[in-house]
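Notes for the structure review
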Amino acid sequence: MIKKLYPTQYIQSIYEIDLLQLKKNGIRGIIFDIDNTLVPYDEVEPNTKIIDFFEMLRKNGFIITLVSNNTEDRVVKFNEKLKVFALHKSHKPLTRNFIKALRMMKCEKNEAIIVGDQIFTDVFGGNKAGIQTILVRPVSDKDEWKTKIKRGVERRIISKYEKYLEQNQYKGE
Ligand SMILES: [Mg+2]
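Residues numbered from 1 in each chain as written. Predicted model: local features only at pLDDT ≥ 70, side-chain atom pairs only at ≥ 80, totals over all residues. Heavy atoms only, no water.

- The protein carries the name HAD superfamily (Subfamily IIIA) phosphatase, TIGR01668 in an unreviewed UniProt entry, which gives Cellulosilyticum lentocellum as its organism.

**Some points on the environment of Val136**
- Looking at the element boundaries, Val136 is found in strand β6 (residues 132-136).
- For the pair Val136 and Lys3, spaced 133 residues apart in sequence, the C-alpha to C-alpha distance is 17 Å.
- Ignoring anything within four residues of it in the chain, the contact list for Val136 reads Tyr10, Ile11, Gln12, Ser13, Ile14, Thr37, Val115, Gly116 and Asp117. (Helix = DSSP H or I, 4+ residues; strand = E, 2+ residues; numbered from the N terminus. Contact = heavy atoms within 4.5 Å.)

**As for helix α3 (residues 72-79)**
- Of all the positions in α3, only Arg74, Val75, Phe78 and Asn79 are classed as buried. End-on, the buried residues of α3 take up no more than an arc of 115°, which puts them together on one face.
- For α3, the elements touching its buried residues are β3 (63-67) and β4 (85-87). (Buried < 20%, exposed > 50% of the residue type's maximum accessible area, 1.4 Å probe, protein only. Arc of directions from axis to C-beta.)

**Topic: the coordination of the magnesium ion**
- Surrounding the magnesium ion are the protein donor atoms Asp33 (OD), Asp35 (O) and Asp117 (OD), at 2.1 to 2.2 Å.
- Linear spacing of the donor residues for the magnesium ion on their chain is D-x1-D-x81-D.
- Residue Asp35 is classed as buried on the basis of its relative accessible area, which comes to 13%. (Donors = N, O, S within 2.8 Å, 3.2 Å for Na, K, Ca; no water.)

**Remarks on the packing of aromatic side chains**
- Per the counting criterion, the structure on display carries four aromatic pairs.
- Plain terms: the ring middles of Tyr6 and Tyr161 are 5.1 Å apart, the flat faces sit at 55° to each other, and that makes the pair tilted. Remark: Tyr161 occurs in helix α6 (residues 145-172) and Tyr6 occurs in the segment before β1 (9-11); sequence separation between them is 155 residues. Residue Tyr6 shares its accessibility class with Tyr161, and that shared class is buried.
- Plain terms: the ring middles of Tyr6 and Tyr164 are 5.2 Å apart, the flat faces sit at 40° to each other, and that makes the pair tilted. Here the residue Tyr6 occupies a position in the segment before β1, and Tyr164 occupies one in helix α6, the gap between them amounting to 158 residues.
- Judged by relative accessible area, Tyr164 falls into the partly exposed class, the value being 25%.
- What links up through ring pairs into an aromatic cluster is the set Tyr6, Tyr161 and Tyr164.
- Across the ring face of Tyr15, the terminal group of Lys49 is positioned such that the distance to the ring centre comes to 4.2 Å. (Phe/Tyr/Trp six-rings, centres within 6.5 Å; stacked < 30°, edge-to-face > 60°. Lys NZ or Arg CZ within 6 Å of the ring centre and 35° of its normal.)

Pasting the structure below:
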């Protein structure tokens, strides 16, 4: 079923996340992918905009976990200044580390949301785990080769998803 590949929401960037709405929906924990969700995959450190954003999230009571498929080196270094929960080599779409992240944040499935740039890892994995997902546009055109080969298919799924949203809106009127 293609719906298993649909996110709960699709937005341009992490800065468009509607925090008030998340709070209203009882969300306390945010699980972020790193590469191309927060920064390009070849940027070692978070920029100040990310650092400030995370600080603001924390001040608003959100707990954060980074769940990445990248290496321990990459994730630990990236997290040095952020100091949030972080899991590397997650093998998304496997759900293991999403479930582990819930445990670390002491959240139930319906109290967390996953934010990522990839349908086949972040969104599909989140749907399998029963956690809501926010798909964001990749922050950079640069991808690792294994990601690059999936982008064409992803674009087709996103356009189907957008049509699906439109149709459902009309049904609701
Ligand atoms: Mg990514």
